Amino acid sequence: MKLYIYDHCPYCVRPRMIFGLKNVPVENVTLLNDDEETPIGLVGKKLVPILMKEDGTPMGESLDIVRYIDENYGEKILKDDIRPEIQAWCDKVGQYYYRLLHPRCVLLGLEEFATQGAIDYFTEKKSAKIGDFAENMANSAEYIQQLNADLLSLDALIQSPQALNAQLSYEDIILFPMLRNLTCVKGLVFPEKVKAYVDTMAQNTHIPLFWHNQR
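The rules we used
- Residues numbered from 1 in each chain as written.
- Predicted model: local features only at pLDDT ≥ 70, side-chain atom pairs only at ≥ 80, totals over all residues.
- Heavy atoms only, no water.
- Axes fitted to C-alpha atoms, helices over the stretch in contact; angles between N-to-C directions.
- Helix = DSSP H or I, 4+ residues; strand = E, 2+ residues; numbered from the N terminus.
- Parallel < 35°, antiparallel > 145°, perpendicular 65-115°, else oblique.
- Left-handed = near helix turned anticlockwise from the far one by under 90°.
- Contact = heavy atoms within 4.5 Å.
- Nonpolar A, V, L, I, M, F, W, Y, C, P; charged D, E, K, R; others polar.
- Pairing = 2+ DSSP bridges.

Draft legend 1. View of the packing of helix α1 (residues 10-22) against helix α9 (residues 170-182). Contact geometry for α1 and α9: axes closest at 8 Å, N-to-C directions at 125°. The angle between the axes of α1 and α9 places the two elements in the oblique class. Crossing angle aside, the handedness with which α1 passes α9 is right-handed. Residue-level contacts link P10, V13, R14, R16 and M17 of α1 to D172, I173, I174, F176, P177, R180 and N181 of α9. Among the residues forming the contact of α1 with α9, the class breakdown is seven nonpolar, one polar and four charged.

Structure representation (structure tokens):
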């Protein structure tokens with residue numbers, strides 16, 4: 001199987017998690033961010049992740065891929081439960097955290113930004129949503145202060161370093177990708193339980209973090 005991804009994309013981290021947690025072999029294929037032809041050719045629109053299944057058919061939508069792998073490869077390991085307070089945290093932080101992430105993504109040396117064309121494509125598309133990258137970088141302190149407070153509130157909701165709700169569930173699939181990407185932000189303070197969870201989940205899923213590549 002092949003999984004078409006961007007490394008910076010939290011939605012792409014979701015299926016990478018289930019492949020790692022279940023030790024199911026997959027070839028990760030990183031597309032250049034300005035490559036429209038490949039995803040449109042596979043699923044009719046520019047999106048990732050896209051799974052090329054063993055039968056040669058493509059599948060889009062991150063949670064559909066997660067569910068397909070969990071239900072068809074070995075024993076099912078994910079509970080469907082998502083606590084309302086976890087969903088509320090993701091919704092709240094999701095309103096502003098891209099203002100920290102998007103301007104930094106293009107500085108991390110990721111494969112999807114290997115060309116200036118890919119960087120320019122991403123910058124134009126995302127600036128239309130969050131505003132000028134340089135301006136958002138200049139306002140980082142404001143967003144970091146807000147996020148540090150939100151991370152403190154999250155700390156109380158973590159029941160185990162192995163799984164948010166003590167057993168693996170879709171909570172982990174939704175939240176870990178957000179936290180993983182935030183490890184690229186210099187100045188964020190990850191509380192003890194949040195950091196232990198992020199480090200443990202990264203190890204269990206074989207997905208590297210950005211602690212040593214912060215901006």
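Now that the structure has been shown, the text picks up again.
Draft legend 2. Summary view of the sheet that holds strand β2 (residues 27-30). A sheet is described by the order of its strands in space; here four strands give the open sequence β2-β1-β3-β4, paired in mixed fashion. Looking at strand neighbours, the two that pair on one side only are β2 and β4 (58-60), the edges of this open sheet. Put simply, the sheet's adjacent strands are angled 25° from each other on average, direction ignored. As judged from the four bridges shared by strand β1 (residues 2-5) and β2, these two strands associate in the parallel manner. Bridge pairing links L3 to N28 in β2. Against the sheet, α1 touches β1, β2 and β3 (50-52), its axis set at about 150° to β1. Helix α3 (residues 62-72) contacts β1, β3 and β4 of the sheet and is inclined by roughly 120° relative to β4.

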